[in-house]
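Chains, contacts and geometry: an overview
What follows is the residue order along each chain.
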Amino acid sequence: MSGTEHLTVERTGATLVLTLNRPEARNALSLPMLAGLHDGWLEADRDDAVRSVVLTGAGGAFCSGMDLKALHGPNPADDPYRARFQADPDLHWKAMLRHHRPRKPVIAAVEGPCVAGGTEILQGTDIRIAGESAVFGLFEVRRGLFPVGGSTVRLPRQIPRTHALEMLLTGRPYTAAEAAGIGLIGHVVPDGTALERALETAALINANGPLAVEAVKACVHDTAGLAEADGLALELERGRPVLASADAQEGTRAFAEKRPAVYRRA
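Overview of the structure. Since we're looking at a predicted model, the values are computed, not measured. Starting from 1, residues in each chain are numbered consecutively following that chain's sequence as written. Owing to the predicted nature of the model, reporting of local features is limited to residues with pLDDT of at least 70; listing and counting of side-chain atom pairs is limited to 80 or more, with chain, interface and lining totals taken over all residues. Excluding hydrogens and water, the side-chain values take into account all heavy atoms of the structure.

1. Observations concerning unusual backbone geometry
- Look at Leu-97: it is not a glycine, yet its phi comes out positive at around 65°.
- Positionally, Leu-97 belongs in the loop between α4 (91-95) and β4 (106-110).
- Here the phi dihedral of Arg-265 falls at roughly 55°; this positive angle occurs in a residue that is not glycine.
- Each helix is a run of H or I in the DSSP string that is no shorter than four residues. Each strand is a run of E no shorter than two, and both are numbered from the N terminus. Mapped onto the elements, Arg-265 comes out in the segment after α12 (246-256).

This is how it looks when you write it as structure tokens:
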């Protein structure tokens, strides 16, 4: 499996678990971490045995944003990670899910700080679960910066515009309860149990037909912003091949026979 010194990659059944692993820096984003994230998303996309992805952080933190000290510190010319980013100037945006949408569902399991770049990555995930002490926020304006990870575009599409603008313009921290109240996250759980809950949710997804799951995710994304008639037309375009698949026949047959379905992605 892929991975770097700042990101671990593990398999739990049909779920790929990506863990941001710089707990001493509250999992601030580094070049090795971003490179590992990029490779992890591609690994999940390419491996048909992977049906879902969980993104989490080590040491009781999710992600505190970009490591500004490292960003402005010395960078050896022979740094292999810097060479990768120079070869692909878009790589960090793909890693942060700004310029890449994983084919498989992505579940965020958040503990502790999930701020700045952490909240920006969060917006690229599909299902979001957080411990009750988690903290969210886009702090860029407090430092005279601009949140170019996609938040000025995605956040107003994911939560009410007034809440999106308040988060973007005040740069204040939000509790997990506040984040759930405005729809930024879906579930608040006891501290230390977000990963467990995320894996339980992933297991429910993994039991479903993979062709159906991936087509549903893609359709929800691709119809966002379309006129209703256009969206419904695209829904039929995406749905008909799934309904005609062998997996659809297996699913209905298994239901009739009162047994678990065995899906073969066909």
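2. Considering the sheet that holds strand β2 (residues 15-20)
- Read across the sheet, six strands follow the order β1-β2-β3-β4-β6-β9 without closing on themselves; strand pairing throughout is mixed. Of all strands in the sheet, those bounded by a partner on one side alone are β1 (7-12) and β9 (187-189). Here the strands of the sheet are splayed against their neighbours by 20° on average, with no regard to which way each runs.
- A pair of strands is labelled paired if DSSP reports no fewer than 2 bridges between them. Examined bridge by bridge, strand β6 (residues 127-131) and β9 share three bridges and lie parallel to one another. By the bridge assignment for β9, Ile-129 is matched with His-187.
- Contacts are assigned to residue pairs that have any heavy atoms within 4.5 Å of one another. Under this scheme, a helix contributes an axis fitted over its contacting stretch, all axes are lines through C-alpha atoms, and angles between N-to-C directions fall in the 0 to 180 degree range. Contacting β1, β2, β3 (52-57) and β4, helix α1 (residues 31-46) runs over the sheet at an angle of about 175° to β2.

3. Describing the pairing of β1
- As judged from the six bridges shared by β1 and β2, these two strands associate in the antiparallel manner. The residue of β2 that forms the bridge with Glu-10 is Val-17.

4. A closer look at helix α9 (residues 194-206)
- Helix span, as expected, comes to 1.5 Å for every residue beyond the first. For α9, which comprises 13 residues, the first-to-last C-alpha distance of 18 Å matches the rise-based estimate of 18 Å (1.5 Å per residue) to within 8%.
- Those residues of α9 lying buried are Ala-194, Ala-198, Thr-201, Ala-202, Ile-205 and Asn-206. In an axial view of α9, the angular spread of the buried residues amounts to 140°, which keeps them on one side of the axis. Residue burial is assigned from relative accessible area. The probe radius is 1.4 Å, only protein chains are included, and a residue is buried under 20% of its type maximum, exposed over 50%, and partly exposed in between. Along the arc lie the directions from the helix axis toward the C-beta atoms.

5. Things to note about the pattern of salt bridges
- The working definition used for a salt bridge is a side-chain nitrogen of Lys or Arg within 4 Å of a carboxyl oxygen of Asp or Glu. This model, assessed by the stated rule, comprises 17 salt bridges.
- A salt bridge links Arg-101 to Asp-222; the nearest nitrogen and oxygen atoms lie 3.6 Å apart. Of this pair, Arg-101 sits in the loop between α4 and β4 while Asp-222 sits in helix α10 (residues 210-223), and the two are 121 residues apart along the sequence.
- Residue Arg-101 is classed as partly exposed on the basis of its relative accessible area of 35%.
- Judged by its relative accessible area of 26%, Asp-222 is partly exposed.
- As a salt-bridge pair, Asp-222 and Arg-238 come within 2.7 Å of each other at their nearest N and O atoms. Of this pair, Asp-222 sits in helix α10 while Arg-238 is found in helix α11 (residues 228-243), placing the two residues 16 residues apart along the sequence.
- Through salt bridges with shared partners, a single ionic network connects Asp-48, Arg-103, Glu-214 and Arg-265.

6. Describing the sheet that holds strand β5 (residues 113-115)
- The three strands lie next to each other as β5-β7-β8, forming an open sheet whose pairing is mixed. The sheet terminates laterally at β5 and β8 (174-175), the two strands that pair on one side only.
- Relative to β8, strand β7 (residues 135-137) runs antiparallel, the two sharing two bridges. Bridging from a neighbouring strand, Val-135 pairs with Thr-175 of β8.

7. Focus: the environment of Arg-128
- Here Arg-128 lies in strand β6.
- Owing to a relative accessible area of 10%, Arg-128 belongs among the buried residues under this scheme.
- The sequence separation of Arg-128 and Pro-105 amounts to 23 residues, and the corresponding C-alpha distance is 11 Å.
- The definition of a polar contact used here is a pair of N or O atoms within 3.5 Å, where within protein one atom must be able to donate a hydrogen and the other to accept one, and adjacent residues in sequence count solely through side-chain atom pairs. A polar side-chain atom of Arg-128 sits 3.3 Å from the main-chain carbonyl oxygen of Gln-123.
- For Arg-128, the side chain forms a polar contact with the main-chain oxygen of Leu-184, separated by 2.9 Å.

8. Topic: the packing of aromatic side chains
- Working definition: a ring pair exists when centres of Phe, Tyr or Trp rings (six-membered ring for Trp) sit within 6.5 Å. Plane angles under 30 degrees give stacked, over 60 give edge-to-face, the rest tilted. Per the counting criterion, the structure on display carries zero aromatic pairs.
- Criterion for a charge above a ring: Lys NZ or Arg CZ within 6 Å of the ring centre, and within 35 degrees of the ring normal. It is Arg-98 that lies over the ring of Trp-93; its NZ or CZ is 5.0 Å from the centre.
- One residue, Arg-172, lies across the ring of Tyr-174, its end atom 3.8 Å from the ring centre.

9. Notes on the state of the cysteines
- Any two cysteine sulfur atoms within 2.5 Å of one another count as a disulfide. In total, this model carries zero disulfides according to the counting rule given.
- No disulfide involves Cys-114; its sulfur sits 7.1 Å from that of Cys-63, the nearest cysteine.
- On the accessibility criterion, Cys-114 (0% relative accessible area) is buried.

10. Here we look at the pairing of β6
- Within β6, four of the five residues are buried, which leaves the element mostly enclosed by the surrounding structure.
- Pairing of β4 with β6 involves four bridges; the strand directions are parallel. Each residue of the ladder has a partner; that of Ile-107, found in β6, is Ile-127.

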